[in-house]
Amino acid sequence: MLHADPKGVLTGVHFLDGDHAACEGALAAGARFAAGYPITPSTEVVERFAARIPTVGGVFIQMEDELAASIAIAGAVWAGAKAFTVTSGPGFSLMMEHIGFAAMTETPCVFINVQRGGPSTGLPTLPAQADMMQARWGSHGDYEIIALCPNSPQECFDLAIRAFNLAEQYRVPVMLMMDECVGHMTEKVVIPPAEQIEIYPRRHTRRPPGQYQPFAPAEDLVPEMAHAGEGYRFHVTGLTHDERGYPSMTVAAQDRLVGRLKRKITQAADRLACYQEEGVEDAQVIVVSYGITSRVAQRAVELARARGAKVGRLRLITVWPFPEAHIRALARTAKAFVVPELNLGQISLEVERAAAGQARTLQVPHAGGGVHRPEQILDAIMEVLK
Amino acid sequence: MKAEAGQPAELGPRPEAEIPAEECESAPDNPVEQFLRTDRMPHIWCPGCGIGTTVNSFARALLESGLNLDQVAIVSGIGCTGRVAGYVRLDSFHTTHGRAIPFATGLKLANPNLTVVVYSGDGDLFAIGGNHIIHAARRNLDLKVICVNNFVYGMTGGQGAPTTPVSAITSTTPYGCSEPPFNLPALMDAAGAVYVARWTTFHVRQLTRAMVDIFRKKGFCFIEVLSPCPTLYQRKNRMGDGLDAMKFYKQKSKIRHGAPTGEVGLTKEGDIIVGKFVDRDRPEFLDLMRRQLAGQLGERYVEVEHLVCN
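Here is what the cut-offs are and how they apply
- Numbers given for residues are sequential positions, taken from 1 along each chain in its written order.
- Written order determines the labels here, with chains lettered from A and ligands numbered from 1.
- Note on the predicted model: pLDDT of at least 70 is required for a residue's local features to be given, and 80 or more for side-chain atom pairs to be given and counted; whole-chain, interface and lining totals, by contrast, use all residues.
- Any residue pair is listed as a contact if its two C-beta atoms, each placed from the backbone, are within 7 Å.
- For helices the rule is a DSSP run of H or I covering at least 4 residues; for strands it is a run of E covering at least 2, with both sets numbered from the N terminus onward.
- Nonpolar residues are Ala, Val, Leu, Ile, Met, Phe, Trp, Tyr, Cys and Pro. Charged residues are Asp, Glu, Lys and Arg, and all others, Gly as well, are polar.
- Two strands are counted as paired when DSSP detects at least two bridges linking them.
- Residue ranges for the domains originate in an automatic or database domain assignment.
- Under this scheme, a helix contributes an axis fitted over its contacting stretch, all axes are lines through C-alpha atoms, and angles between N-to-C directions fall in the 0 to 180 degree range.
- Crossings are classed by handedness, with left-handed meaning an anticlockwise turn of the near helix from the far one by less than a right angle and right-handed meaning a clockwise turn.
- Any angle that is under 35 degrees is reported as roughly parallel, and any over 145 degrees as roughly antiparallel; angles of 65 to 115 degrees are reported as roughly perpendicular and all others as oblique.
- By convention the nonpolar core is taken to be a set of buried residues drawn from Ala, Val, Leu, Ile, Met, Phe, Trp, Tyr and Cys and joined through C-beta atoms within 7 Å.
- Buried residues are those with 20 or more other C-beta atoms within 10 Å of their own C-beta, exposed residues have 12 or fewer, and partly exposed residues lie in between; C-beta atoms are placed from the backbone.

Examining the interface of chain A and chain B
Part 1 of the reasoning: Opposite the 48 residues of chain A that make contact, chain B presents 39 residues.
Part 2 of the reasoning: Ranked by the residues each element gives to the side of chain A that touches chain B, the list is headed by helix α3 (residues 66-78) of chain A, at nine residues.
Part 3 of the reasoning: When its residues are assigned to classes, the side of chain A that touches chain B shows 28 nonpolar, 13 polar and seven charged.
Part 4 of the reasoning: Across three bridges, the pairing between strand β12 (residues 235-237) of chain A and strand β2 (residues 91-94) of chain B is parallel. By the bridge assignment, Thr237 of chain A is partnered in β2 of chain B with His94 of chain B.

In structure tokens, the structure reads:
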């Protein structure tokens, strides 16, 4: 690990909204290129980047649409930059093409999605958490990504840095799945000195041209990278390819490549799992939540405990890959999971799948446009304890 | 026979039987070979297809330009011409359908030292990628765009494209195309390209020269190359094979440098106006951006040439 380049680090105590904090996280992580297209409620991220980057050293470009923005960042990465784009639901739909391209070509990059109500144009200015399955499955074919869910502006900063680090370590697109509430909520954000921020460096090959195969995996199944202009004369394609990067249309090549793209993440799932939990050991009911909903869930748990219920809290920070081993372990002792989320049932289905019948899963759905009232979650808790 | 730079090329393909075996074995001396990924041969293009001819011109233009090939990157979209990136020995990117230009935009902005060539087909660049190409031309980012126009989607079986001439038969216009096509040079001229030319695969010398021109010119440059698709376009329209296409191009082409681009639209059987239509100077995107930022921010502006991370 390296330390952050101090040029991008706005060390100090700030009062920032989540969108701005995410931008500062990207800058601290070393992002020097962003391409975007305006869309509520995410635009503040790139507005801040556009204002800040000329004094840090880098480029912001507003592209003609999200298709363009989401592949311009891939171009910048292959030229050597750390790069990201930012959007919300309708734009995220357009970016699916290049989430798949980035996964297939193992292009390390970050997609920030400040979620709003959908489908279609939906609720541009109001929150939802309804793109969680799209983040995982939205592009065609089999692939894996990593997705992180912050619940505060401070975490938007912290997890933006982690998103870039994971993108570099595993060479996958990493999603920072915010929501309108977290994006527009203003709180204290502490940005540490650059030397206290750890940065995962690009996995650049040390081999000379001629001895380098751009898609030959290292021990952890992740290949080393080279950049355009360095004399490697390598090839990158979204077609199924071999270790040389050459197209290879065989069953064997497909199995080898797509299998590796999946395994490089699934075999690291335990290391990638990141969550906060409290009072789960002897809990009868565990409230599983993420993002803004976790803050409402906290109040609901307090209310339930005041009524004598044995309730624990699990807040998912890494949502993809899904921490299913941990859920399965908790399902052995808990009676039920209560899963509030700002959608009509997405992550709750994952919880149910991981629990595999050992514990009951109760959804607390919400179509978006606001957040739950704590009482809605409380009612679900008391319902399962009846 | 070894091809020698500076000599007029023989026209049309030579029957294979005329090439003695020992001459094939002397291929390493072919000046074009160093530009090709010979370990990927044979290529996928059909007999009589013009794309390989354009690659030959491209390789010769690279040779003549004297560019450091380690600093040249090529970006393609999807389709028959989209496969060019995979066959040339450069840093090469075979991207998604229609998105070669925005990929190239990111590549160029993160490392402006690179010469970035976008090499793709008419459907890729002007149908699915149409929005990207007009905006790249508007910005005048320093990209070299080579568009091989065969009037159809070849890779998927010869469907109609935004370039298909009126009345031409394709697999999706079985009774003849009724849609008016784009006039590509006029579109690029209007969008702001600083260099616009059209040649055919009959005009290999002129095409090579045009490619050398754009390697030396700064800003958004565009070359349209008309190229035969004997398997689909020629066959469905009873226009013969690759050699017949050369005869057709020879007979129909009229060289008119500087022709107003509004007058160079193509029809199925009509004249083909070729030449260099636009060669002008406009401030380039990065220069404009840097000037604006330096003017507003003064010493606070940090200009970085290559955005390489550690």
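Details of the domain arrangement of chain A
All names here are of chain A.
Part 1 of the reasoning: Here the domain parsing of chain A yields domain 1 (2-199) and domain 2 (275-385).
Part 2 of the reasoning: Placing a centre on the C-alpha atoms of domain 1 and another on those of domain 2 gives a separation of 27 Å.
Part 3 of the reasoning: Facing 22 residues of domain 1, the contacting portion of domain 2 comprises 22 residues.
Part 4 of the reasoning: Going through the elements one at a time, β7 (123-127), α5 (132-137), β8 (146-148), β9 (173-179) and α7 (180-184) are the ones with two or more residues in the side of domain 1 that touches domain 2.

Description of the sheet that holds strand β17 (residues 336-340) of chain A
Residue and element names in this part refer to chain A.
Part 1 of the reasoning: In space, the five strands of this open sheet follow the order β13-β15-β14-β17-β18, with mixed pairing throughout. Only two strands of the sheet have a single partner each, and these edge strands are β13 (275-278) and β18 (360-364). Strand after strand, the sheet turns through a mean of 20 degrees between neighbouring axes, direction not considered.
Part 2 of the reasoning: Bridge analysis of strand β14 (residues 285-289) against β17 gives three bridges, and the strand direction is parallel. Following the sheet pairing, Val285 is matched in β17 by Ala336.

Digging into the packing of helix α11 (residues 324-331) of chain A against helix α12 (residues 347-355) of chain A
The relative placement of two packed helices comes down to the angle between their axes together with the axis-to-axis distance.
Residue and element names in this part refer to chain A.
Part 1 of the reasoning: For the pair α11 and α12, interaxial distance at closest approach is 8 Å and the crossing angle is 65 degrees. The element α11 and its partner α12 pack so that their crossing is right-handed. Where α11 abuts α12, its residues Glu324, Ile327, Arg328 and Ala331 lie against Val351, Ala354 and Ala355.

Digging into the packing of α3 of chain A against helix α4 (residues 100-110) of chain B
Part 1 of the reasoning: Where α3 of chain A meets α4 of chain B, the axes come as close as 6 Å, and the angle between the chain directions of the two elements is 40 degrees. The angle between the axes of α3 of chain A and α4 of chain B places the two elements in the oblique class. For the crossing formed where α3 of chain A meets α4 of chain B, the hand is right-handed. Packed against α3 of chain A, whose contacting residues are Ala68, Ile71, Ala72, Ile73, Ala74, Gly75, Ala76 and Trp78 of chain A, the element α4 of chain B presents Pro102, Phe103, Ala104, Thr105, Gly106, Leu107, Leu109 and Ala110 of chain B at the interface.
Part 2 of the reasoning: Classifying every residue of the contact of α3 of chain A with α4 of chain B by side-chain character gives 13 nonpolar, three polar and no charged.

Comments concerning the nonpolar core
Part 1 of the reasoning: The biggest cluster of nonpolar side chains holds 219 residues, and the ones touching the most others in it are Ala76 of chain A together with Leu107 of chain B.
Part 2 of the reasoning: Composition of this core by domain shows at least three residues from each of domain 1 (2-199) and domain 2 (275-385) of chain A.

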